[in-house]
Amino acid sequence: MKLPRFMIAAPKSGSGKTLITCALLQLLQEGGQTVRAYKCGPDYIDPMFHKKVLDTDSYNLDPFLAGEHLQQNFLKHVGDATFAIMEGVMGYYDGLAGTSTKASSYEVAKKTGTPVILVLDTRGTSLSLIPVLKGFIEYQDNSNIKGVILNRMSPMLYPRIKEQIESELPIKVCGYVPDSKKAKLLSRHLGLVLPQEIPDLKERIRDFANDLKKTLDFQTISEVASSAMDVLKVKEQIPNDKTLRVALADDEAFCFFYQDNLTMLEENGIELVRFSPLHDQHLPDHIDGLILYGGYPELNTQELQDNKQMRQEIKEKLAGGLPCLAECGGYLYLHETLEDSEGEKFEMVGAIKGNGFNTEKLVRFGYVNLLGTAFDEEEIKIRAHEFHYYDTTAKGNSMIAKKPLSERTWQCMVSTHTMLAGFPHLYYPSQPYLPRLFAKRCREYKEQKS
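A quick note: this is a predicted structure, and the numbers were derived from the prediction, not measured.

Reading the values: rules and limits
Going along each chain's sequence as written, the residues are numbered from 1 onward. Local features are withheld for residues below a pLDDT of 70 in this predicted model, meaning they are given only at 70 or higher, and side-chain atom pairs are given and counted only at 80 or more; totals for whole chains, interfaces and linings count all residues. Excluding hydrogens and water, the side-chain figures rest on all heavy atoms present in the structure. Lines fitted to the C-alpha atoms define the axes, with helices restricted to the stretch that makes contact. Angles between their N-to-C directions range from 0 to 180 degrees. Numbered from the N terminus, helices here are DSSP runs of H or I no shorter than four residues, and strands are runs of E no shorter than two. Any angle that is under 35 degrees is reported as roughly parallel, and any over 145 degrees as roughly antiparallel; angles of 65 to 115 degrees are reported as roughly perpendicular and all others as oblique. Only heavy atoms matter for contacts: two residues are in contact if any of them lie within 4.5 Å across the pair. Residues were grouped as follows: Ala, Val, Leu, Ile, Met, Phe, Trp, Tyr, Cys and Pro as nonpolar; Asp, Glu, Lys and Arg as charged; and all remaining residues, including Gly, as polar. Residue burial is assigned from relative accessible area. The probe radius is 1.4 Å, only protein chains are included, and a residue is buried under 20% of its type maximum, exposed over 50%, and partly exposed in between. Counted as a polar contact is a pair of N or O atoms within 3.5 Å, where, for protein atoms, one must be capable of donating a hydrogen and the other of accepting one, and residues adjacent in sequence contribute only when both atoms are in side chains. What makes two strands pair is DSSP finding at least two bridges between them. Orient the strands so they point away from the viewer, and a crossover whose first-strand-to-second-strand path over the helix runs clockwise is right-handed. Among buried residues, the Ala, Val, Leu, Ile, Met, Phe, Trp, Tyr and Cys ones that are joined through side-chain atoms within 4.5 Å form a nonpolar core. Grouping into patches uses exposed residues only, defined as over 30% relative accessible area, and leaves out salt-bridged ones; the cut-off is 9 Å for like charges and 5 Å for nonpolar side chains (Val, Leu, Ile, Met, Phe, Trp, Tyr). For the area figures, the Shrake-Rupley method with a 1.4 Å probe applies, and any residue is considered shielded solely by the protein chains shown. Throughout this description, the term salt bridge denotes a Lys or Arg side-chain nitrogen within 4 Å of a carboxyl oxygen of Asp or Glu. Within 6.5 Å between ring centres, the rings of Phe, Tyr and Trp (the latter by its six-membered ring) count as paired, and their orientation is classed by plane angle as stacked under 30 degrees, edge-to-face over 60, tilted in between. Working rule: Lys NZ or Arg CZ, within 6 Å of ring centre, within 35 degrees of ring normal, means a charge sits over the ring.

What to know about the packing of helix α2 (residues 45-54) against helix α9 (residues 201-212)
Item 1. Contact pair α2 / α9: the axes reach a minimum separation of 10 Å and the direction vectors enclose 80°. Between α2 and α9, the interaxial angle falls into the category roughly perpendicular. Taking contact as the criterion, the partners of F49, K52 and V53 in α2 are, on α9, L201, K202 and I205.
Item 2. Class assignment for the residues of the contact of α2 with α9 results in four nonpolar, no polar and two charged.

Following this line, the structure appears as structure tokens:
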């Protein structure tokens, strides 16, 4: 099938990718398109902004985490979409270890047959834009770069620069974004804070998108999108016979989800029942498992401590054998205590003996390969991503983490017969056995109860 699509990429972070992507998603949806949004790389926050605009899930496309399944992950979620936009990560060619194009936006574009529209920040330059563009186009034999949007461009200069670019380079200029206070205020926060922290976000994006109707060339953008490689339409199949109820923490403190992970849990017969460790007094009824993913518990320490009933209930359930998956912030929540940014300790669940504390520096950042035991089963391999300033006195030693393209290794992960917890954000499609194993433990717990 034809699926018109493009990737919004840039030479570096901070070029305006997220804001322009959200505005384009808004305009395409208003134009009657059924739009699917994707984010290159392991980022959690940008997909939240996509979802805020579209009111539908946005999916990560990460060549390292997905490996050989990248194209399959892309196709799996096409569904009934009539248009798709991918948002790049960092600089277009930036990949593993900062010295490779592997796991870069470029690799995603190449493997999915997606044309690229480069967002170029033009402030403080004019003709020098041409050698920058020329370098990006020619750096790889097939760069996939077909268009450019000139961000923070002077309306007076734009017609002349557009003519010059198109006369010298094999690329289409798809319009410009004027330098405005409105755009600056939105760009300053997009991708750095959660969508719910920005007042009237949806209305502000819609207002900005309306401005872009006057400055973007949608005919040219449509031509770029239509040049995308044909795709195989795959119907996403989620079984209806969900026989296991698993409580999934979902609030301001626990909000980092890979949509592919949730899909795989559902494919293994799990009904995800969302609850809030911050605001609810009790866990959902009749649950067979518990999932605590990452987020910002360190910013909500007082509220989490105050909800003593929830903490005690979780501790008792885990002691009684309730299977649990916990990552990063969820892992810290299971500790005895968690320090806030000022070093004050607050009581947490207490299922893991230890204290979480702020190191005031980035402890771990980037991709890892994990090898070790999960839920007391045989050894497994799984890919993951880490990003945290916090550390713990209870690091765990059930798995070995190894950096790709490096010899660096360290021990991590707390694993018991019913728990797998640690800082790494696991990506289940890289090891489908893990969600099956978790479902198996949940089923055993359910049978034990009955």
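Re α2
Item 1. Along α2, eight of the 10 residues are buried, which leaves the element largely enclosed by surrounding structure.
Item 2. With its phi angle positive at about 60°, D55 sits one or two positions after the end of α2.

Quick look at the side chain of N60
Item 1. Looking at where N60 falls in the secondary structure, it is placed in strand β3 (residues 58-61).
Item 2. Among the residues examined, N60 registers a relative accessible area of 6% and is labelled buried.
Item 3. At a separation of 2.9 Å, a polar atom in the side chain of N60 contacts the main-chain carbonyl oxygen of G41.
Item 4. Setting aside residues up to four positions removed in sequence, N60 forms contacts with K39, G41, P42, D43, P47, Y258, D260 and Y427.

Here's the deal with the sheet that holds β3
Adjacent strands of a sheet pair through backbone hydrogen bonds, lying either parallel or antiparallel.
Item 1. Strand order across the open sheet formed by seven strands is β3-β2-β4-β1-β5-β6-β7, with parallel pairing between neighbours. The open sheet terminates on both sides in strands that have one partner only, identified here as β3 and β7 (172-177). Pairwise comparison of adjacent strand axes, ignoring direction, gives a mean angle of 25° for this sheet.
Item 2. Of the strand pairs in this sheet, strand β2 (residues 35-40) and β3 are connected by four bridges, and their pairing is parallel. For A37, the partnering residue across the bridge sits in β3 and is S58.
Item 3. Across the face of the sheet, helix α1 (residues 17-30) comes into contact with β1 (5-9), β2, β4 (83-87), β5 (116-121), β6 (145-151) and β7 while running at roughly 170° to β4.

Some remarks on the pairing of β3
Item 1. Burial along β3 is two-sided: the residues S58 and N60 and Y59 and L61 are all buried.
Item 2. For the handedness criterion, the β-α-β arrangement of β2, α2 and β3 is classed as right-handed.

A look at the nonpolar core
Item 1. Counting residues in each nonpolar core, the largest one holds 88 residues, and the members touching the most others are Y92 and L150.
Item 2. When residues of this core are assigned to their parent elements, the largest contribution, eight residues, is made by α1.

A look at a nonpolar patch on the surface
Item 1. A contiguous nonpolar surface patch, about 380 Å² in accessible area, is contributed by L362, F365, F387 and Y389.
Item 2. Of the residues examined, F365 reaches a relative accessible area of 48% and is grouped as partly exposed.

Let's talk about the pattern of salt bridges
Item 1. Summed over the entire model, instances satisfying the criterion amount to 21 salt bridges.
Item 2. Residues D80 and R36 are paired through a salt bridge, measuring 3.8 Å at the closest nitrogen-oxygen approach. Of the two residues, D80 is situated in the loop between α4 (70-76) and β4 and R36 in strand β2; the sequence distance between them amounts to 44 residues.
Item 3. For D80, a relative accessible area of 55% gives the class exposed.
Item 4. The salt bridge involving E87 is made with K39; its shortest N-O contact spans 3.4 Å. Placement of E87 in strand β4 and of K39 in strand β2 is noted, with a sequence separation of 48 residues between them.

Section: the packing of aromatic side chains
Item 1. Following the criterion strictly, the structure yields 20 aromatic pairs and no others.
Item 2. Ring geometry for Y92 versus Y106: centroids 5.9 Å apart, planes at 80°, classification edge-to-face. Taken together, the residues Y92 in the loop between β4 and α5 (105-112) and Y106 in helix α5 connect sequence positions 14 residues apart.
Item 3. For Y92, a relative accessible area of 0% puts it in the buried group.
Item 4. Judged by centre distance (5.4 Å) and plane angle (80°), the rings of F256 and Y296 are edge-to-face. One end of the pair, F256, is in the loop between β8 (244-249) and α11 (259-267); the other, Y296, is in the loop between β10 (289-292) and α12 (301-306), and 40 residues separate them in sequence.
Item 5. With relative accessibility at 11%, the residue F256 sits in the buried group.
Item 6. Following the ring pairs from residue to residue traces out a cluster consisting of Y44, F256, Y258, Y296 and Y427.
Item 7. Taking NZ or CZ as reference, R274 lies 5.5 Å from the ring centre of F257, over its face.
Item 8. Looking at R364, its charged tip hangs above the ring of W410, at a distance of 3.7 Å from the centre.

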